[in-house]
Amino acid sequence: MDRSAPYDLADDKLLAQCRFEVFVASGPGGQKRHKTNAAVRITHLHTGVHAVATESRSQRENRIHALRALRHKLAIEAPREVIDPLSFQPPAWLVEYSGLHISPKNPRYPAALAVVLDVLKSTQWSVPRAAVTLNVTTTALSRFLHDDHHLWGHVNQTRVALGMKALTPR
């Protein structure tokens, strides 16, 4: 895995590649929300990918949420690495997460997401073949995909664009 992938950088290094904006959020929330610059938008300058967080009245919390969302989007939209499914070995750190049980809040989650997408692309978006390549069950891989609605949508959109059937939830 390319360690220089933006989603894999330390916070300070990733933020150095980004534009960070704060603003007053609109919508429900009352005066406390509308009087503070707590909403956060982070834009990765090289790719144009951005994330916004407005849920909290705390700028610090919104920064954490926006940074996590940005890493997630960067991992999904990153150019896919070419791998050989026959000789591929999952990274040692990924093997630690048996059955792909990894929380989206885990700092390694975007890298896990990128590995899964690289393997899916290399197996022509076949979930059973990708599961074998990743050394997990088809059910585990399907659950991993389904539990992340952005990932699920991306995989289905790609499959449909290639003339394949969309995955159906079980």
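In case you missed it, the structure is sitting above this.
Residues numbered from 1 in each chain as written. Predicted model: local features only at pLDDT ≥ 70, side-chain atom pairs only at ≥ 80, totals over all residues. Heavy atoms only, no water.

1. Re the packing of helix α5 (residues 109–122) against helix α6 (residues 127–134)
At a minimum axis distance of 9 Å, the contact between α5 and α6 shows a crossing angle of 125 degrees. In terms of their interaxial angle, α5 and α6 are classed as oblique. As α5 packs across α6, the resulting crossing turns out to be right-handed. On α6, the residues touching Val115, Val116, Val119 and Leu120 of α5 are Val127, Ala130, Thr133 and Leu134. Tallied by class, residues from the contact of α5 with α6 come to seven nonpolar, one polar and no charged. (Axes fitted to C-alpha atoms, helices over the stretch in contact; angles between N-to-C directions. Helix = DSSP H or I, 4+ residues; strand = E, 2+ residues; numbered from the N terminus. Parallel < 35°, antiparallel > 145°, perpendicular 65-115°, else oblique. Left-handed = near helix turned anticlockwise from the far one by under 90°. Contact = heavy atoms within 4.5 Å. Nonpolar A, V, L, I, M, F, W, Y, C, P; charged D, E, K, R; others polar.)

2. Some remarks on the packing of aromatic side chains
Per the stated rule, a full pass over the model turns up one aromatic pair. Geometrically, the ring pair formed by tyrosine 109 and phenylalanine 144 is tilted, given 5.7 Å between the ring centres and 45 degrees between the ring planes. Taken as a pair, tyrosine 109 in helix α5 and phenylalanine 144 in helix α7 (residues 138–146) lie far apart in primary sequence, 35 residues in all. By relative accessible area, tyrosine 109 is classed as buried at 3%. (Phe/Tyr/Trp six-rings, centres within 6.5 Å; stacked < 30°, edge-to-face > 60°. Buried < 20%, exposed > 50% of the residue type's maximum accessible area, 1.4 Å probe, protein only.)

3. Topic: the nonpolar core
By size, the foremost hydrophobic cluster in this structure holds 48 residues, and its most contacted members are Leu120, Leu134, Leu141 and Leu145. Considering each element in turn, this core owes the most residues, ten residues, to α5. If we ignore the near neighbours within four places in the chain, the residues touching leucine 145 are Val116, Leu120, Val127, Leu151, Trp152, Val155 and Leu167. (Core = buried A, V, L, I, M, F, W, Y, C linked by side-chain atoms within 4.5 Å.)

4. Brief notes about α7
For α7, the full list of buried residues reads Ala140, Leu141, Ser142, Phe144 and Leu145. In this fold, the buried residues of α7 make contact with α5, α6 and α8 (149–161).

5. Brief notes about the sheet that holds strand β2 (residues 39–44)
Here three strands make up an open sheet; going across it, the order is β1-β2-β3 and the pairing antiparallel. Pairing within the sheet leaves two strands with one partner each, and these edge strands are β1 (18–23) and β3 (50–53). Across the sheet, the mean angle separating the axes of adjacent strands is 15 degrees when strand polarity is ignored. Both β2 and β3 contribute to a ladder of four bridges, which runs antiparallel. For isoleucine 42, the partnering residue across the bridge sits in β3 and is alanine 51. Packing of helix α3 (residues 59–77) onto the sheet brings it into contact with β1, β2 and β3, and relative to β2 it is tilted by some 30 degrees. (Pairing = 2+ DSSP bridges.)

6. Some thoughts on the layout of surface pockets
If you roll a probe as big as a water molecule over the atoms, it shows you where there is empty space left. There is about 790 Å³ of room inside the largest pocket. Lining the largest pocket are 33 residues; nearest its centre among them are Arg68, Ala69, Arg71, His72 and Pro104. Take the lining of the largest pocket: its biggest share by element is eleven residues, from α3. For the lining of the largest pocket, the per-class residue count stands at 14 nonpolar, six polar and 13 charged. In this structure, the second largest pocket encloses a volume near 240 Å³. (1 Å grid on protein atoms, 1.4 Å probe; cavity = no way out; pocket = protein on both sides within 12 Å on 5 of 7 lines; lining within 4 Å. Points joined across faces, edges and corners; volume = space filled by probe spheres on them.)

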